[in-house]
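Topology and contacts: notes
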Number of protein chains: 2
Amino acid sequence: MAENRLEDAVRAVRMHYLQDMTMEAIAREMGVSRSTVSRLISFARESGLIEFRLHLPDEHVPNIEQRIGTQFGITAHVVPVPDTVSELERLERTAMVAARVLNNLFGSDMVLAVAWGNTVEAISRRLVPKTTHNSQIVQLNGAGSTEATGISYASEILSRFGKAYGARIEQFLVPAFFDYADTKRALWRERSVRRILDLQRRADVALFSIGSSTGDVPSHVYRAGYLNKAELRTLKQQDVAGDIATVFFRRDGSSTGIELNERASGPNLSTLKRLRRRLCVAAGNHKLPGLRAALEGGLITDLVIDDGTARRLLT
Amino acid sequence: MAENRLEDAVRAVRMHYLQDMTMEAIAREMGVSRSTVSRLISFARESGLIEFRLHLPDEHVPNIEQRIGTQFGITAHVVPVPDTVSELERLERTAMVAARVLNNLFGSDMVLAVAWGNTVEAISRRLVPKTTHNSQIVQLNGAGSTEATGISYASEILSRFGKAYGARIEQFLVPAFFDYADTKRALWRERSVRRILDLQRRADVALFSIGSSTGDVPSHVYRAGYLNKAELRTLKQQDVAGDIATVFFRRDGSSTGIELNERASGPNLSTLKRLRRRLCVAAGNHKLPGLRAALEGGLITDLVIDDGTARRLLT
DNA sequence: AATCTCTCTGCACGAACGTGCAGACATCAC
DNA sequence: GTGATGTCTGCACGTTCGTGCAGAGAGATT
């Protein structure tokens, strides 16, 4: 029966979307009730069996996207969200679009490196399944903290990606930040760790957001358990604008001389920049300073951003 | 205003299909009525702004398609249609799918050669617009007859294609069949005609159905005004199974020695076979003998066919 | 200025759709 | 055999959507 369900779904979807038939008519032809057809079609949508693809006649790409694209040399996807909605809904809706954009970038025989945090978590809940072969998901930075809640959180995110793409997942079982740079250097020599590092370097697509200390929902790493007050103060003194996967950078996109990076588990920025596609998802104005800096540093190749933040980015 | 309409449509479509919002909610955000949103979205669908793409997890391609595909070495699209519906509806629904399949084959910088007839006419009415650049549509065979109704019929079909793709169209202003082979040979030397012939030879995609003398709706060329009774009798004697664009062939796909082909306006089969993609659309059992022959002769690379006919094809 | 014509919008109604619920049926444990 | 458990289906209801119609507004015509 289970295989039949999928075939039925294909049949129903074809009739509905490709032949413009009503579910009623499809039900009659398939000899089931209309509700069953409705359910088959929902099932098909949820399992990514059908994709809605937008064909913009080039000259009609919304000009915010065009302007962001040309100004920063990236591909931009602007998510229409009115300024009135809550930060949370803005994030959710941006995440939903990001999930679909990701589907166009990631596929068989590829490696996807994912950071973790509020934004990526939201995306992980909205992923549209897509069957791939021989692909892998690798965690981009460690999640261990003094409170130890981060690990299961990160691994849950990761497993959602694995499930959606039918891919093998590789956790990165190290703390987000080390207390001693020496420990990191030592660990980085271990073969188990090097295997992960190597996979990260070979990633075809990296997915991340921008970490920021401000905003209603500050990024995880700026909250208790990861960094202490002294460290946070130091970051501020060094004019840090944001971070990607625990690696900090300044307004001009540079990261040299920021001591904390020596103890961070994420990839240094020059390593990151070697990856082919670097998909950044940024929702909310509090991401702006960090986003500007990341764009300045050329850390991003593809951007999903909400409407309001996009407009402010251009001013 | 006109440009705004398109942008609004894009916005609405994105919210509806990519963010799963109801039209009600979209209307609120855009400050218009729900009906306007509904109309914007219909408009977007009709103008091909949004495409519904089916992702089959490979191993789940309906096995009729798979079997036809491997048995004949082609790509098959089987249109689910119950056996109970009328021939007419079967044709309409097959045509609708064919129009979408064509959109995947044809694009910018390409030449499309179209035959004309009941099937292609139905397709022309269902075309999904798609903007292309520097592409051309060329008529594959002449339409003139002793009754002279065919020309405007064929040119209307052609212009629909041109409109849908924003492409230049080239009519082929010659009769479907010549009375004297000499006339054809003479005309084929004319530069105006050679320009068309050359375009046909350079076509990237050819679109045609199979002509057949049987069935409720026999193909145009088998009806009055094109061939007389003696000619039809001769075809029968020579064991002709069908035709593509006025060029006849036998059960084994061969066409040598069929005298009428010397006087036909369509491309001879070896010329046709040089084209990269040859999309055949066949709806209805009466097309079966001709279709088998065409497949036998390797004249087809892509096939859109209704379910019932597909099943019979495999037996 | 008055009138006509064309296009676009919201309203209102009927058609199409999604989903909680309860019954049917299969599977498994004991 | 009996009951527990889980999955699937159709029904019925509330929601969401498409569309004929009539009014509003913008040019064009006289």
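Everything quoted here is computed from the prediction, not taken from an experiment. (Residues numbered from 1 in each chain as written. Chains lettered and ligands numbered in written order. Predicted model: local features only at pLDDT ≥ 70, side-chain atom pairs only at ≥ 80, totals over all residues. Heavy atoms only, no water.)

**A word on the side chain of A:Ser124**
Residue and element names in this part refer to chain A. Among the structural elements, Ser124 can be located in helix α6 (residues 118-126). Within polar-contact distance, the side chain of Ser124 engages the side chain of Arg160 at 2.6 Å. Setting aside anything within four residues of it in sequence, one finds Ser124 in contact with Ile157, Arg160 and Phe161. (Helix = DSSP H or I, 4+ residues; strand = E, 2+ residues; numbered from the N terminus. Polar contact = N/O pair within 3.5 Å; in protein donor to acceptor, adjacent residues only side chain to side chain. Contact = heavy atoms within 4.5 Å.)

**Details of the interface of chain B and chain A**
Chain B puts 35 residues into the contact, and the matching count from chain A is 35 residues. Surface buried jointly by chain B and chain A totals about 3,700 Å² across both partners, of which 59% is contributed by carbon and sulfur atoms. Across the chain B-chain A interface, the total number found is 10 residue pairs in polar contact (both at pLDDT 80 or more). Put simply, the parts of the chain that give the side of chain B that touches chain A at least two residues each are α1 (2-18), β1 (50-54), β2 (75-79) and α5 (87-105) of chain B. It is α1(B) that contributes the most residues to the side of chain B that touches chain A, eight residues altogether. For the side of chain B that touches chain A, a count of residues per class yields 21 nonpolar, five polar and nine charged. Inspection of the sheet shows strand β1 (residues 50-54) of chain A paired to β1(B) by five bridges, in the antiparallel sense. Bridge pairing links A:Phe52 to B:Phe52 in β1(B). (Buried area = accessible area lost by both parts, 1.4 Å probe. Nonpolar A, V, L, I, M, F, W, Y, C, P; charged D, E, K, R; others polar. Pairing = 2+ DSSP bridges.)

**Thoughts on the protein's contact with DNA strand D**
Near DNA strand D, the surroundings consist of 15 residues, among which A:Ser33, A:Thr36, B:Met23, B:Arg34 and B:Ser38 are the closest. Of what DNA strand D places within 4 Å of the protein, 43% of the atoms are sugar or phosphate. For the surface near DNA strand D, the elements supplying multiple residues, two or more each, are α3 (34-46) of chain A together with α2 (23-30) and α3 (34-46) of chain B. Counting residues per element, the surface near DNA strand D draws most heavily on α3(B), which supplies five residues. Broken down by class, the residue content of the surface near DNA strand D amounts to two nonpolar, seven polar and six charged. (Near = heavy atom within 4 Å.)

**Observations regarding the UniProt feature "domain: RNA polymerase sigma factor 70 region 4 type" (unreviewed entry) in chain A**
According to UniProt, the positions carrying the feature "domain: RNA polymerase sigma factor 70 region 4 type" (unreviewed entry) are residues 11-46 of chain A. Helix makes up 81% of residues 11-46 of chain A and strand makes up 0%, while its end C-alpha atoms are separated by 16 Å. (UniProt positions renumbered as here; feature names shortened; annotations may be inferred.)

**Digging into the packing of α5(B) against helix α6 (residues 118-126) of chain B**
Packed helices, taken two at a time, are described by their axes: the angle between them and the distance between them. Residues and elements named next belong to chain B. Remark: α5 packs on α6, axes separated minimally by 8 Å, with the N-to-C direction vectors making an angle of 60 degrees. Viewed along their axes, α5 and α6 adopt a mutual orientation that is oblique. Seen along the crossing, α5 lies across α6 with a hand that is right-handed. Note on element contacts: α6 touches α5 through Asn118, Thr119, Ala122, Ile123, Arg125 and Arg126, opposite Leu91, Glu92, Ala95, Met96, Ala98 and Ala99. Its residues assigned to classes, the contact of α5 with α6 comprises seven nonpolar, two polar and three charged. (Axes fitted to C-alpha atoms, helices over the stretch in contact; angles between N-to-C directions. Parallel < 35°, antiparallel > 145°, perpendicular 65-115°, else oblique. Left-handed = near helix turned anticlockwise from the far one by under 90°.)

**A look at the packing of α2(B) against α3(B)**
Residues and elements named next belong to chain B. At a minimum axis distance of 8 Å, the contact between α2 and α3 shows a crossing angle of 105 degrees. On the basis of the axis angle, α2 is roughly perpendicular to α3. For the pair α2 and α3, contact is made by Met23, Glu24, Ile26, Ala27 and Met30 and by Arg34, Val37, Ser38, Leu40 and Ile41, respectively. Its residues assigned to classes, the contact of α2 with α3 shows seven nonpolar, one polar and two charged.

**Digging into the protein's contact with DNA strand C**
Close to DNA strand C lie 15 residues; A:Met23, A:Arg34, A:Ser38, B:Ser33 and B:Thr36 are nearest. What you see for DNA strand C is that sugar and phosphate hold 44% of its atoms within 4 Å of the protein. Taking A:Arg39, its side chain carries an N or O atom lying 3.5 Å from a base oxygen of DNA strand C. The contact in question runs from a phosphate oxygen of DNA strand C to an N or O atom on the side chain of B:Thr36, over 2.6 Å. Contributions of two or more residues to the surface near DNA strand C are made by α2 (23-30) and α3 of chain A together with α3 of chain B. Take the surface near DNA strand C: its biggest share by element is five residues, from α3(A).

**Digging into the pattern of salt bridges**
Residue and element names in this part refer to chain B. Following the criterion strictly, the structure yields 30 salt bridges over all chains and no others. The residue Glu51 makes a salt bridge to Arg53 at a minimum N-O spacing of 3.4 Å. On the basis of relative accessible area, Arg53 is assigned to the partly exposed category, the value being 28%. Salt bridges sharing common partners tie together Glu92, Glu121, Arg125, Arg126, Glu156 and Arg160. (Salt bridge = Lys/Arg side-chain N within 4 Å of Asp/Glu carboxyl O. Buried < 20%, exposed > 50% of the residue type's maximum accessible area, 1.4 Å probe, protein only.)

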